[in-house]
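# Summary of the model geometry
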Amino acid sequence: AQTVTQSQPEMSVQEAETVTLSCTYDTSESDYYLFWYKQPPSRQMILVIRQEAYKQQNATENRFSVNFQKAAKSFSLKISDSQLGDAAMYFCALWRQGNEKLTFGTGTRLTIIP
Amino acid sequence: DTAVSQTPKYLVTQMGNDKSIKCEQNLGHDTMYWYKQDSKKFLKIMFSYNNKELIINETVPNRFSPKSPDKAHLNLHINSLELGDSAVYFCASSQVRTGGTGELFFGEGSRLTVL
């Protein structure tokens, strides 16, 4: 079985500041992918960033970066220069080859304070 | 062109009724999914189909019956609706078998309200 845990139900950050959202996971496999998805109030699920487990280099997409610690099974998301449009639910998710399903964490609601 | 489209976006119905949600993807993916998002925003997989074959059925009541006429379509029919079925239902697709990375492409969701 694979599990994904997001221990922060809610986070808030001042506009233009940096915030880090935590995620830990559990899988016995070595080949897997990790994702962060964003769900704004429009409810559309939007891919923010993806990390392949075999890559040691942390993924980066503009203001979004991850800290992938494979041994610790930790996958945190850092949002730099936070903007009002970043306000959303953020879901961490795990995909294991052969499992064919994306397992989601319970989400973190991020509020941006103007 | 919308990559994954599902209709309707909103459904309001009475307990005991039957309803369907349709989903289509134009990405050429081999696998399609239904996820349920409850009022606490938890996303849980219900079904997945790969090339019209049922792959995943996650202990969903028999009142829920998915149908995949071809690999680009996956519909969800719900019989005898109950209050607890109220949720947002997301359709998604992914390329799994060849070169798959697990990335899901989601539809906009269908909000079902059972009164």
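Residues numbered from 1 in each chain as written. Chains lettered and ligands numbered in written order. Predicted model: local features only at pLDDT ≥ 70, side-chain atom pairs only at ≥ 80, totals over all residues. Heavy atoms only, no water.

## Description of the pattern of salt bridges
Here the structure, examined in full by the defined rule, presents 10 salt bridges over all chains. In this structure, Arg96 of chain A engages Glu29 of chain A in a salt bridge whose closest nitrogen and oxygen atoms are separated by 3.9 Å. Residue Arg96 of chain A is found in strand S10 (residues 88-96), and its partner Glu29 of chain A is found in the loop between strand S4 (24-26) and strand S5 (32-39); the two are separated by 67 residues along the sequence. Glu29 of chain A sits in the partly exposed class, given a relative accessible area of 37%. Between Arg63 of chain B and Asp85 of chain B there is a salt bridge; the shortest N-O distance is 2.8 Å. Placement of Arg63 of chain B in the loop between strand S6 (53-57) and strand S7 (64-70) and of Asp85 of chain B in the loop between strand S8 (73-78) and strand S9 (87-94) is noted, with a sequence separation of 22 residues between them. We note that Arg63 of chain B, like Asp85 of chain B, is buried. Beyond isolated ion pairs, a larger network of salt bridges with shared partners links Arg50, Glu52 and Lys55 of chain A together with Glu103 of chain B. (Salt bridge = Lys/Arg side-chain N within 4 Å of Asp/Glu carboxyl O. Helix = DSSP H or I, 4+ residues; strand = E, 2+ residues; numbered from the N terminus. Buried < 20%, exposed > 50% of the residue type's maximum accessible area, 1.4 Å probe, protein only.)

## Structural notes on the interface of chain B and chain A
Accessible area lost when the parts come together is the quantity often used to give the size of an interface. Contacts between chain B and chain A engage 27 residues on the former and 21 residues on the latter. Surface buried jointly by chain B and chain A totals about 2000 Å² across both partners, of which 53% is contributed by carbon and sulfur atoms. The interface formed by chain B and chain A contains 2 salt bridges. The closest approach of N and O atoms between Glu58 of chain B and Lys101 of chain A, which form a salt bridge, is 3.0 Å. Elements supplying a minimum of two residues to the side of chain B that touches chain A: strand S4 (31-37), strand S5 (43-50), S6, S9 and strand S11 (110-114) of chain B. Of all the elements, S4 of chain B adds the most residues to the side of chain B that touches chain A, at 3 residues. A breakdown of the residues in the side of chain B that touches chain A according to their chemical character gives 13 nonpolar, 7 polar and 7 charged. (Contact = heavy atoms within 4.5 Å. Buried area = accessible area lost by both parts, 1.4 Å probe. Nonpolar A, V, L, I, M, F, W, Y, C, P; charged D, E, K, R; others polar.)

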